[in-house]
Amino acid sequence: MFKFEPILKSIIWGGEKIVPYKHLDSDQKSVGESWELSGVKGDESVIANGEYAGKTLPELISILKGDLVGNKVYEKHGTEFPLLVKFIDARQDLSIQVHPNDELSHKRHGKNGKTEMWYVVGADEGAHLLSGFSKQVTPEEYAAKVADNTVTEVLTNYNVKAGDVFFLPAGRVHAIGAGSFVAEIQQTSDVTYRIYDYGRVGKDGKPRELHVELAKDAIDFSVEADYRTHYHEEKNKEVELVSCNYFTTSLFDLTEETSKDVSSLDSFLIVMGLAGEGKLIDDKGEEISIRQGETVLLPATTLNVKFIPNGTLKVLTSHL
């Protein structure tokens, strides 16, 4: 079982919650994102514990191959880790964006598209998110609304609270709003089309680049009644939140020992600590501590994992 050094990103819209949430001794300011587990080139996670400490995630995959990520995953992705997981703290509204699907992204950029999800860890009063269109618009109407600064009028705006979940398939227009603190699980991809940025300027004093035309072909213009993911909260049980072609994510809200059988997965298992603390014990008797703000990667050779809370422990698990 592996822990990693977090990659902290200071960003113009970042807040001050991530460092204390993760119990870090750091005076870094405006931390908008903590990349918990990343194989993205230039931002590869570094192992923090055990015999492989100091190695990057791609290096670890090249050593352990299918034993780490699962045989089918290794055949398909090689040393590229297929998921990127983050904590995000938005002090201001983030830009409105969309991600292309695999087909379009491969055609245009030679890269994967991006499907993702949010789990709201915490929310200030008035915190909100944007997800999906609230009414039918054409691609031309969408572009006109970006141009006259009214695009938010045709997007669904949700006031959010801790525990809210949003699934964001490629093509869904979305934005994290001010006051939202979220865990994000996504396909490993850096292909993002920024549609609207509230007229903000970057560090160079110029407006950040928009991709309004590129996004036209990527956007799913269909309208749904509700874009929130609804689930039934239960203590001391696995509650599946999202299952798609790219990841399956579940919530465990624990006050007593609970186990998860992972013997049939042929996949790694990511465990993100959301609240409380405890430990994980695998079928070989190996044990590792976990607490709020920590992320642990279990190799695909794991058959079973026990979650043992010290009082209370809330975690998300994700696998392929």
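Please refer to the structure higher up on the page.
Nothing here was measured: the structure is a model prediction, and the numbers come from that model. Every chain's residues receive numbers from 1 upward, in the order its sequence appears when written. For this predicted model, a pLDDT threshold of at least 70 governs which residues receive local features, and a threshold of 80 or more governs which side-chain atom pairs are given and counted, while totals over whole chains, interfaces and linings are taken from all residues. Calculation of side-chain values draws on the structure's entire complement of heavy atoms; hydrogens and water are dropped beforehand.

(A) How the structure looks around the pattern of salt bridges. Any Lys or Arg side-chain nitrogen found within 4 Å of a carboxyl oxygen on Asp or Glu counts as a salt bridge. By the definition in use, this model includes 20 salt bridges. Of the charged contacts in the structure, one is a salt bridge between Arg200 and Asp197, with a shortest N-O distance of 2.8 Å. The same class applies to Arg200 and to Asp197, which are both buried. Here Glu213 makes a salt bridge to Lys216, at a shortest N to O gap of 3.3 Å. A residue pair is termed a helical-turn pair when its members lie 3 or 4 positions apart in one helix, as Glu213 and Lys216 do in helix 7 (residues 212–216) at three residues. Here the salt bridges do not stand alone but share partners, grouping Lys17, Asp89 and Asp124 into one network. Working definition: with a 1.4 Å probe on protein chains only, accessible area under 20% of the residue-type maximum means buried, over 50% means exposed, and in between means partly exposed. Only DSSP runs of H or I covering at least 4 residues are called helices, and only runs of E covering at least 2 are called strands; the numbering of each starts at the N terminus.

(B) Just the packing of aromatic side chains, in detail. Note on aromatic contacts: the rings of Phe and Tyr and the six-membered ring of Trp form a pair at centre separations within 6.5 Å, being stacked when their planes are under 30 degrees apart, edge-to-face when over 60 apart, and tilted otherwise. If you walk through the whole model with that rule in mind, you get twelve aromatic pairs. Judged by centre distance (4.6 Å) and plane angle (40°), the rings of Phe81 and Phe268 are tilted. Taken as a pair, Phe81 in the loop between helix 4 (71–77) and strand 5 (83–89) and Phe268 in the loop between strand 17 (258–261) and strand 18 (269–282) lie far apart in primary sequence, 187 residues in all. Taking relative accessible area as the criterion, Phe81 reaches 0% and is therefore assigned buried. Take Phe268: its relative accessible area is 0%, and that puts it in the buried class. Ring geometry for Phe87 and Phe181: centres 6.2 Å apart, planes at 25°, overall stacked. You can see Phe87 sitting in strand 5 and its partner Phe181 sitting in strand 12 (residues 180–187), a full 94 residues away along the chain.

(C) Structural view of the nonpolar core. To define a nonpolar core, start from buried Ala, Val, Leu, Ile, Met, Phe, Trp, Tyr and Cys residues and group those joined through side-chain atoms within 4.5 Å. Judged by nonpolar contacts, the single largest core of 39 residues is most densely connected at Ile96, Phe133, Tyr142, Ile195 and Ile219. Contacts are assigned to residue pairs with any non-hydrogen atoms lying within 4.5 Å of each other. Here Ile219 is in contact with Val98, Phe133, Tyr142, Gly171, Val173 and Ile195, once residues within four sequence places are set aside. In this structure, Leu83, Phe181, Leu241 and Leu251 belong to the second largest nonpolar core, which totals 38 residues.

(D) A look at the side chain of Ser38. Tracing the sequence through the fold places Ser38 in the loop between strand 3 (31–37) and strand 4 (46–47). A polar contact of 3.1 Å, which involves the side chain of Ser38, links it to the backbone nitrogen of Val40. Polar contact is the term for a pair of N or O atoms within 3.5 Å; when the atoms are in protein, one must be able to donate a hydrogen and the other to accept it, and sequence-neighboring residues count only if both atoms are side-chain atoms.

(E) Local environment of helix 5 (residues 102–109). Of the residues making up helix 5, those classed as buried are Asp102, Leu104 and Ser105. For helix 5, the arc enclosing every buried residue in end-on projection is 165°, short of the 170-degree limit, so these residues lie on one face. Of the exposed residues in helix 5, the ones pointing more than 90 degrees away from its buried face are Glu103 and Lys107. For helix 5, the elements touching its buried residues are strand 12. Downstream of helix 5 by one or two residues, Gly110 has phi in the positive range, about 65°. Note: the arc covers the axis-to-C-beta directions of the helix.

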